[in-house]
Every structure is written in C-alpha cells, then in structure tokens.
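# Architecture and fold: a report
Now for the letters of each chain:
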Amino acid sequence: MAGSIQPKESQMMNVDKMVNIIIKGLSKDKTEIMPPLIRILKLASRLIPKLLIKFGHGEFKKFKKINYNNQN
C-alpha cells in the first residue's frame, strides 16, 4: 500500500530467533509465548504506567501526523 508506514528493520526480530523462542515455549507447554522485549514492556507497564502512556500518546500523535501528511 503506497504511503503506508513500514516497521524499522533494526526493530524487527530475526525470524530464526522468533521461531526458536516459539519452539522453546511450546516444548515447555507455556500458555503464553512472548519475545523478550514484550516481557520488558509488560514489567515496565506495572512499574511506570503513566510514563509509558505518555510516551505511547506521543508516538500515536507522530503516527497520526505522518498518516495525515501522506494522505494529502
């Protein structure tokens, strides 16, 4: 889709690494399989929820502005 925002390659997890995490989780019969960064975000949301909401709101505003500019 033209003008859509693509994820940054540096922020993407290697497919092989993701598959290994999933296989390890399945072999340990885990009900929830999360990549390491998600675990950190989950913990941070309990420790500093207001800061994360403020950060997320700022990122959403940037995203909305980029989308608006791409449509015009």
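Residues numbered from 1 in each chain as written. Predicted model: local features only at pLDDT ≥ 70, side-chain atom pairs only at ≥ 80, totals over all residues. Heavy atoms only, no water.

## As for the overall build of the protein chain
Formally: The helix count covers DSSP runs of H or I at least four residues long, the strand count covers runs of E at least two residues long, and both are numbered beginning at the N terminus. Radius of gyration here uses only the C-alpha atoms, and the compact-globule reference equals 2.2 Å multiplied by the residue count raised to the power 0.38. For the purpose of charge, His is not counted, nor are the chain termini; Lys and Arg are scored as positive and Asp and Glu as negative. A charge is said to be at NZ when it belongs to Lys, at CZ for Arg, at CG for Asp and at CD for Glu.
When you go through the protein chain residue by residue, the secondary structure sums to three helices and zero strands. Taking 2.2 N^0.38 as the reference for a compact globule, 72 residues should give roughly 11 Å; the C-alpha atoms of the protein chain span a radius of gyration of 17 Å, well beyond that estimate. Counting only C-alpha atoms, the protein chain reaches 50 × 35 × 20 Å along its principal axes. Across the protein chain, the 14 positively charged side chains and the 5 negatively charged ones have centroids separated by 12 Å.

## Focus on the pattern of salt bridges
The condition that has to hold: For this document, the term salt bridge refers to a Lys or Arg side-chain nitrogen within 4 Å of an Asp or Glu carboxyl oxygen. With a 1.4 Å probe rolled over the protein chains alone, any residue whose accessible area is under 20% of its type maximum counts as buried; one over 50% counts as exposed, and the rest are partly exposed.
For the structure shown, the criterion picks out two salt bridges. A salt bridge links Lys42 to Glu32; the shortest N-O distance between them is 3.7 Å. Note that Lys42 is positioned in helix α2 (residues 36-47) and Glu32 in the loop between α1 (15-27) and α2, a separation of ten residues in sequence. Note on Glu32: relative accessible area 47%, which makes it partly exposed.

## Here we look at unusual backbone geometry
Phi is positive for Asp29, which is not a glycine, with a value near 60°. Looking at the element boundaries, Asp29 is found in the loop between α1 and α2. For Asp29, a relative accessible area of 66% puts it in the exposed group.

## Quick look at the environment of Ile22
Relative to the helices and strands, Ile22 resides in helix α1. With relative accessibility at 34%, the residue Ile22 sits in the partly exposed group. Distance in space between the C-alpha atoms of Ile22 and Lys65 is 35 Å, their sequence separation being 43 residues.

## Some details on the confidence of the model for the protein chain
To keep things clear, this is the line we draw: pLDDT measures the predictor's confidence residue by residue and takes values from 0 up to 100.
Predicted confidence across the protein chain gives a mean pLDDT of 82, with 90% of residues reaching 70 or more. Looking over the protein chain, one finds the lowest element-wise mean pLDDT in helix α3 (residues 49-71), namely 83, and the highest in α1, namely 90.

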